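# Survey of secondary and tertiary structure
Chain by chain, the residues:
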Amino acid sequence: MDSPSNWHTMSTDQVCQTLHTTHEGLRSEQIAKRLNQFGANRLPEPPRRGWLMRLLAQFHNVLIYVLIIAALVTALLGHTVDSGVIVAVVLITALVGFIQEGKAEKAIDAVRNMLSQQAIVIRDGHRMQIPAKELVPGDIVFIQSGDRVPADLHLFKIKNLHIEEALLTGESVPVHKQVEPVAVDAPLGDRRNMAFSGALVTYGQGTGIVVETGAKTEIGRISTMLSEVRTLTTPLTRQLDDFGRWLTGAILFIATLTMMFGYWVRDYALGDMFLAAVGLAVAAIPEGLPAVITIALAIGVQRMANRRAIIRRLPAVETLGSVSIICSDKTGTLTRNEMTVTTVVTAQYIANISGVGYNPHGTFSCNNQDISPQHQPELLEICRASILCNDATLIEKDEEWAIEGDPTEGALLVLGAKSGLEPKNLIQTMPRDDLIPFESEHCFMATLHHDHAGNGIIYVKGAIEAILSRCNKQQRKGKIEPLDPHFWLNQQEQIAAQGKRTLAIAMRPVPENHRILHFNEIDSGLILLGVVGIIDPPRDEAIEAVYSCHQAGIKMKMITGDHATTASAIAMQMGITSHPRSLTGIEIEPMNDEQLRDAVESIDIFARAGPQHKLRIVEALQDRQHIVAMTGDGVNDAPSLKRANVGTAMGIKGTEAAKEASEMVLADDNFASIAHAVEEGRTVFDNIRKSILFILPTNGGQALTIIAAIAMGTTLPVTPAQILWVNMITAVTLALSLTVEPAEPDVMQRPPRNTRTPILSRFMIWRIVFVSLLMVTGTFGLFLWELNNRESIETARTVAINTLVVLEGFYLLNSRYQIASVLNREGLLGNRYVLYAICWVVFFQLAFTYLPIMQSFFHTTDIGVASWGRILIVGAILFLLVELEKKLMHRTKL
Ligand code: ATP
């Protein structure tokens with residue numbers, strides 16, 4: 001099978017012949033062969049940054065430059081041990097950063113791959129959904145508004161199909177497609193009978209034959225990958241980078257000052273002072289911090305994915321932690337999207353329908369008396385319309401009934417089947433000539449049918465306002481009479497007040513030769529058949545999630561396409577609001593921005609709201625300084641999803657366009673997953689804060705120890721090489737363990753974080769100073785104790801360095817909770833990674849103290865049990881003092 005490049009000049013029959021396919025789709029035996037022959041429908045990945053580049057990038061950091069210069073100068077001064085240790089620190093820190101960031105990148109890629117594009121195909125005569133990468137030439141593919149075209153298609157059936165091909169042609173106005181062949185020399189933008197892979201369907205529907213896949217598609221030829229740039233930087237990491245640079249400058253300044261002070265005032269040798277300054281700089285700079293933060297974010301992404309919230313852009317992880325308003329749609333997100341028609345209102349009576357779920361068995365009753373729809377002309381006509389004006393299919397698998405397609409339509413199909421009509425037979429006896437697909441902008445769907453005797457009929461179903469305004473008659477007892485709009489509006493209010501969705505159904509007979517359906521023909525003159533009421537129960541887990549969001553100080557807004565009364569009833573049932581006041585899209589329209597800003601603060605329900613209203617609502621909320629998470633699914637939701645701080649698309653019913661505009665995708669369309677993501681977001685932020693609160697005082701303690709020694713004119717209690725050792729060991733073990741801290745119990749009981757508060761709060765600065773001072777006192781104290789007991793300088797230094805590490809170990813336990821006490825089982829043992837990290841450090845320290853090779857390298861010596869006892873006591877004292885400080889802080893509420 002060769003592949004001509006002039007598909008656009010061919011007729012559909014020619015394409016079918018060339019690709020050996022039919023409108024019924026390929027047969028299964030053809031598919032495997034073609035997949036082998038043509039390969040997966042995937043674009044080649046762009047060249048990734050190689051491992052060498054990623055490794056080298058680790059050295060691109062002010063601190064590392066400082067260290068490399070220090071290593072060079074110390075080597076020139078003849079201090080090969082110090083120089084060797086500095087080189088080792090550089091290499092090990094870079095290596096750990098390289099490995100951990102590699103892991104973080106992989107984790108984020110893995111999550112991204114969960115969002116593979118899907119395509120609807122017809123194969124073996126059946127319509128089904130498959131991953132787009134499994135498409136092969138000859139497949140019949142169905143596309144509709146919001147889809148990205150999954151491969152290059154030759155179109156043969158379209159309805160108002162508009163496709164935006166800016167990606168290929170640069171033209172952002174959508175192209176109206178057609179099915180007729182075009183001239184051979186037509187440029188890409190004029191090949192109207194083709195849909196090109198990667199282009200966006202902005203309106204309508206179409207069906208086409210796959211002609212090219214993967215790298216052979218037009219987009220495959222001009223570029224490789226459409227996906228966004230992979231990045232591990234976020235506003236927070238950037239802010240911290242700046243902070244790091246500022247800190248480096250300040251530290252270098254202090255180190256220089258200390259060196260000059262030691263040399264001139266205390267008469268130390270310049271070489272010694274230089275080494276001390278290097279040690280001081282290295283001790284004070286938190287080189288592990290950037291890696292720790294990236295890792296904390298990546299872990300957040302993974303945890304969120306486990307809770308069905310897939311992050312598409314890393315910054316969303318931290319933004320989620322400060323979300324103050326969630327705007328959610330209703331159907332499927334707050335409710336289960338398992339629809340059942342329970343009420344049918346005709347002009348004459350109200351019928352109740354029994355049965356659960358999609359099982360097509362149930363009875364019709366009126367005033368508690370069973371009725372047979374077969375004997376009720378209006379009811380039967382409504383059931384017939386429900387089956388015919390419908391794109392869903394009912395399937396039975398292992399005695400379970402399910403539907404494929406839109407759940408609202410599924411419910412109507414089941415209603416039809418319950419009446420005794422056989423959907424398959426009916427579709428054959430009254431085939432569809434044409435349709436106007438459902439779009440949320442016009443809120444209805446219409447189909448045109450003819451039976452074999454030539455009788456034509458249009459069926460229309462949709463939102464009651466959309467249908468009522470198009471009707472002027474109604475049917476009662478098989479007769480046509482003038483429409484009584486008040487009766488219907490009243491009925492609809494009553495059904496909606498129970499939280500049911502309502503849908504009106506209308507019809508109009510047409511002559512035999514009428515085979516094409518135009519919009520303007522259904523503008524008026526329809527005959528209303530009845531109104532159906534559909535239950536869609538709230539999700540239990542969403543009710544809990546709404547409660548927990550309220551506890552967490554997050555306000556909820558429901559923005560739905562549904563009717564105001566239905567929306568209010570559901571919002572009240574779910575505890576979203578306590579007053580049923582709502583605002584509809586039509587009411588929003590005349591409001592100016594100031595009026596809308598006031599309204600969005602006080603009103604929680606927005607009904608019959610379209611994408612343009614969503615955008616205005618987000619903007620109004622943001623103007624009031626809210627951080628907004630907003631859900632959406634349609635192609636037109638993209639602007640509001642982009643605008644929201646955390647745009648959230650639906651994984652199941654969402655379009656590709658919505659997903660691409662979003663920061664986050666909910667794999668299960670469930671509101672509870674947003675609440676979980678917020679909880680994880682807050683936890684990530686907490687953990688980043690905890691890591692900072694742990695790392696900075698340890699650096700502070702180390703640096704102050706050196707400064708104190710020089711200031712007091714005593715021998716340095718730790719040598720620069722020893723300091724470097726501590727820094728390296730603690731950075732790669734202890735600090736990392738805080739990134740996996742589980743959520744604190746009250747994480748969803750606090751108000752959202754104010755994004756304008758700096759990362760380092762007053763409380764944090766205080767804690768950093770307080771712990772740094774405790775550390776220097778402990779370390780220096782034991783160092784002097786050993787010297788006073790006539791121990792050698794080596795012993796005193798070994799004790800001092802071990803004290804520093806033990807203090808850090810104890811303080812790591814303190815750091816698990818910022819304010820809450822850790823003096824309980826959960827606090828001490830709750831994070832096994834903290835315990836592993838402490839074990840590792842103990843192991844390293846024993847090696848550092850007792851291994852001869854380490855002793856000769858770092859000038860350490862054996863120390864006795866008594867010294868260890870004193871070190872542990874000092875550690876425990878620091879631990880208890882920090883716990884005491886937490887208690888006092890808690891009281892003073894700093
Ligand atoms: P949400 O925005 O919360 O998901 P929704 O699903 O009700 O709410 P839309 O899909 O925009 O919002 O539907 C709006 C209205 O259009 C519905 O209330 C219903 O009356 C009507 N409607 C929904 N689906 C169909 C359909 N397949 N055919 C005809 N009318 C429909």
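Only a predicted model underlies this, so the values are computations on that prediction, with no experimental measurement involved.

### Notes on the sheet that holds strand β9 (residues 325-328)
One open sheet accounts for 8 strands, arranged β8-β28-β27-β26-β9-β23-β25-β24; its pairing is mixed. At either margin of the open sheet sits one strand with a lone partner, and together these are β8 (309-311) and β24 (582-584). Looking at each pair of strands side by side, their axes are set apart by 20 degrees on average, direction ignored. Inspection of the sheet shows strand β27 (residues 646-650) paired to strand β28 (residues 664-666) by 3 bridges, in the parallel sense. Note on β28: the bridge partner recorded for Thr 648 is Met 664.

### So, the site of the ligand
Every one of the 20 residues lining the ligand counts as a neighbour, but Lys 330, Thr 331, Glu 409, Arg 501 and Thr 560 are closest to it. Between an oxygen atom of the ligand and a side-chain N or O atom of Asp 562, the distance comes to 3.0 Å. Between an oxygen atom of the ligand and a side-chain N or O atom of Lys 653, the distance comes to 3.4 Å. Computed on the free molecule, the ligand has an accessible area of 610 Å², of which 90% lies beneath the protein chains in the complex. Listed by contribution, the elements that provide at least two residues to the shell around the ligand are β18 (456-462) and β21 (501-510). Tallying contributions element by element places β21 first for the shell around the ligand, with 3 residues. Tallied by class, the residues present in the shell around the ligand amount to 5 nonpolar, 6 polar and 9 charged.

### Details of the pairing of strand β7 (residues 200-212)
Buried residues dominate β7, accounting for 12 of its 13 residues. Summarising the sheet, strand β3 (residues 140-144) and β7 pair through 5 bridges and their orientation is antiparallel. Bridge assignment links Ile 140 to a residue of β7, and that residue is Ile 209. Examined bridge by bridge, strand β4 (residues 152-164) and β7 share 10 bridges and lie antiparallel to one another. Paired with Lys 159 across the strands is Gln 205, a residue of β7.

### Re helix α1 (residues 12-19)
Those residues of α1 not exposed but buried are Thr 12, Val 15, Cys 16 and Leu 19. Buried positions in α1, seen along its axis, are confined to an arc of 100 degrees and lie on one side of it. In α1, those exposed residues whose orientation departs by more than 90 degrees from the buried face are Asp 13 and Gln 17. Buried residues in α1 make contact with α2 (28-38), β4 and β7. Looking at the residues trailing α1, positive phi occurs at His 20, about 50 degrees.

### A look at the side chain of Thr 343
Within the secondary structure, Thr 343 sits in strand β10 (residues 340-345). We classify Thr 343 as buried; its relative accessible area is 6%. Within the local environment of Thr 343, its side chain forms a polar contact with the side chain of Thr 342, the two groups lying 3.4 Å apart. A distance of 2.8 Å separates a polar atom in the side chain of Thr 343 from a polar atom in the side chain of Lys 500. Residues in contact with Thr 343, not counting those within four places in the same chain, are Ile 350, Ala 351, Asn 352, Ile 353, Ile 495, Lys 500, Val 531, Val 532 and Gly 533.

### Thoughts on the environment of Arg 313
Mapping Arg 313 onto the fold places it in the loop between β8 and α11 (315-320). With a relative accessible area of 27%, Arg 313 lands in the partly exposed category. When the C-alpha positions of Arg 313 and Phe 438 are compared, they lie 32 Å apart, and in sequence the two are 125 residues distant. Residues within four places of Arg 313 in sequence aside, it is in contact with Glu 660, Ala 661, Ser 662 and Glu 663.

### Let's talk about the packing of aromatic side chains
In total, this model carries 16 aromatic pairs according to the counting rule given. A ring pair is formed by Phe 487 and Trp 488, whose centres lie 5.0 Å apart and whose planes are at 80 degrees; its orientation type is edge-to-face. Using a relative accessible area of 0% as the deciding quantity, one classes Trp 488 as buried. In textbook terms, an aromatic cluster arises when at least three aromatic residues are bridged by ring pairs, as seen for Trp 725, Trp 840, Phe 843, Phe 844, Phe 848, Phe 857 and Phe 858. Directly above the ring of Phe 142 sits Arg 127, whose terminal nitrogen or CZ lies 4.5 Å from the centroid. One cation-aromatic arrangement involves Arg 753 over Phe 685; the distance from NZ or CZ to the ring centre is 3.5 Å.

### Thoughts on the pairing of β27
By the criterion of burial, β27 is predominantly enclosed, with 5 of the 5 residues buried. Burial along β27 is two-sided: the face carrying Val 646, Thr 648 and Met 650 and the face carrying Gly 647 and Ala 649 are both buried. Pairing of strand β26 (residues 628-632) with β27, which is carried by 4 bridges, proceeds in the parallel orientation. The partner of Thr 631 across the bridge, within β27, is Thr 648.

### Quick word on the domain arrangement of the chain
Entries for the chain in the domain assignment read domain 1 (7-45 + 111-225), domain 2 (51-104), domain 3 (235-305 + 679-892), domain 4 (309-335 + 540-669) and domain 5 (344-525). One C-alpha centre belongs to domain 1, the other to domain 2, and the line joining them spans 51 Å.

Quick notes on the rules
- Residues numbered from 1 in each chain as written.
- Predicted model: local features only at pLDDT ≥ 70, side-chain atom pairs only at ≥ 80, totals over all residues.
- Heavy atoms only, no water.
- Pairing = 2+ DSSP bridges.
- Helix = DSSP H or I, 4+ residues; strand = E, 2+ residues; numbered from the N terminus.
- Axes fitted to C-alpha atoms, helices over the stretch in contact; angles between N-to-C directions.
- Near = heavy atom within 4 Å.
- Polar contact = N/O pair within 3.5 Å; in protein donor to acceptor, adjacent residues only side chain to side chain.
- Areas by Shrake-Rupley, 256 points an atom, 1.4 Å probe, with all protein chains shown as cover.
- Nonpolar A, V, L, I, M, F, W, Y, C, P; charged D, E, K, R; others polar.
- Buried < 20%, exposed > 50% of the residue type's maximum accessible area, 1.4 Å probe, protein only.
- Arc of directions from axis to C-beta.
- Contact = heavy atoms within 4.5 Å.
- Phe/Tyr/Trp six-rings, centres within 6.5 Å; stacked < 30°, edge-to-face > 60°.
- Lys NZ or Arg CZ within 6 Å of the ring centre and 35° of its normal.
- Domains from an automatic or database assignment.

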